[in-house]
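Descriptive structure summary
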Amino acid sequence: AQKVTQAQTEISVVEKEDVTLDCVYETRDTTYYLFWYKQPPSGELVFLIRRNSFDEQNEISGRYSWNFQKSTSSFNFTITASQVVDSAVYFCALSDFQGAQKLVFGQGTRLTINP
Amino acid sequence: DAGVIQSPRHEVTEMGQEVTLRCKPISGHNSLFWYRQTMMRGLELLIYFNNNVPIDDSGMPEDRFSAKMPNASFSTLKIQPSEPRDSAVYFCASSFRSNEKLFFGSGTQLSVL
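First things first, this report covers the structure right here in the doc. (Residues numbered from 1 in each chain as written. Chains lettered and ligands numbered in written order. Predicted model: local features only at pLDDT ≥ 70, side-chain atom pairs only at ≥ 80, totals over all residues. Heavy atoms only, no water.)

Overview of the pattern of salt bridges
Pairing between side chains becomes possible if they bear opposite charge and their charged atoms approach one another. As enumerated under the stated definition, the model contains eleven salt bridges over all chains in all. Its salt-bridge partner being D86 of chain A, residue R63 of chain A comes within 2.8 Å of it at the nearest N-O pair. Residue R63 of chain A is located in the loop between β7 (59-61) and β8 (64-69), and its partner D86 of chain A is located in the loop between β9 (74-79) and β10 (88-96); the two are separated by 23 residues in the primary sequence. Classification of R63 of chain A by relative accessible area gives partly exposed; the value is 24%. Its relative accessible area of 1% is what places D86 of chain A among the buried residues. Of the charged contacts, one joins R85 of chain B and E83 of chain B as a salt bridge, the two residues approaching to 2.6 Å between their closest N and O atoms. The class of E83 of chain B is partly exposed, set by a relative accessible area of 23%. Connected through shared salt-bridge partners, E62, R64, E83, R85 and D86 of chain B make up one network. (Salt bridge = Lys/Arg side-chain N within 4 Å of Asp/Glu carboxyl O. Helix = DSSP H or I, 4+ residues; strand = E, 2+ residues; numbered from the N terminus. Buried < 20%, exposed > 50% of the residue type's maximum accessible area, 1.4 Å probe, protein only.)

Concerning the nonpolar core
Residues W36, F75, F77 and Y90 of chain A are the most contacted members of the largest nonpolar core, which totals 23 residues. Looking at this core, the elements with two or more residues in it are β2 (10-14), β3 (19-21), β5 (32-39), β8, β9, β10 and β12 (109-114) of chain A. Beyond its immediate chain neighbours, meaning those up to four positions away, F77 of chain A contacts V19, T20, L21, W36, L48, Y64, S65, W66 and Y90 of chain A. One finds L21, I26, F49 and F65 of chain B within the second-largest nonpolar core, a separate group that totals 21 residues. (Core = buried A, V, L, I, M, F, W, Y, C linked by side-chain atoms within 4.5 Å. Contact = heavy atoms within 4.5 Å.)

Here you go:
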C-alpha cells in the first residue's frame, strides 16, 4: 500500500527564514509520481510540482526548491527567504505511474510565517 | 479559464436530509475526481471518472454516497441520507489526462447537524 508521511504537523518561522518541509513516502511501485500542493487559508488546493520517479534531479522555482532522494524515499520542499504569503498548509502526495491521479496525501504541514 | 467550479461553497443541513454537491470541471479535461477532507482522515479520494465513466469508486464510504457524471461538463456527488459524520470539505478536481496534474475546485464545506 502507498503511504505518505509528513511528520511535521506545524512549523512556525519568522519572515525571511528558510524552512524545509519533510515528506517521506512508501510504495512498492518502481515508477510513481510525487507531488506538492499548497492549501492557503482560502481553502483551495494549488498544485506546486509533480516529479516522476525516474528523475532525481532537484528542482528550483524561484524561492521554492525540492529535493528528491529515492534512496531515502524522501521528497522534501524548501522555501528560501520565506514570506507571510507562504503561510498555508502544504501537502505531499504520491500516485502510481500507470493510471489515474489517485493521489495518496500526507496529513499536511501547517506553515506559519510570522512578520 | 474559470477553473474547476464547485457549488455550493457552504452547505448546512440536518441529519437525514439529502445533499447534492455539484462540480463543473475545466473544459477539455477528461478526468474528474471527488476528494473529501476531514481533520481525522485528511484528504481521501472518493471516486474518479474518466471520459464520464466511473473508474474507481472504492473510496466511497457507503451506499449513502453516489456520484454521477452525465456529461463532460458536470458531475454531482449525492449523500442520502446525510449524517453528522459526513461533515467535511468535499473537493472536486479535474485533469486533462488521467496521469496529469490535478486542478482542484475551492471545495464545498458541508455541515450536517
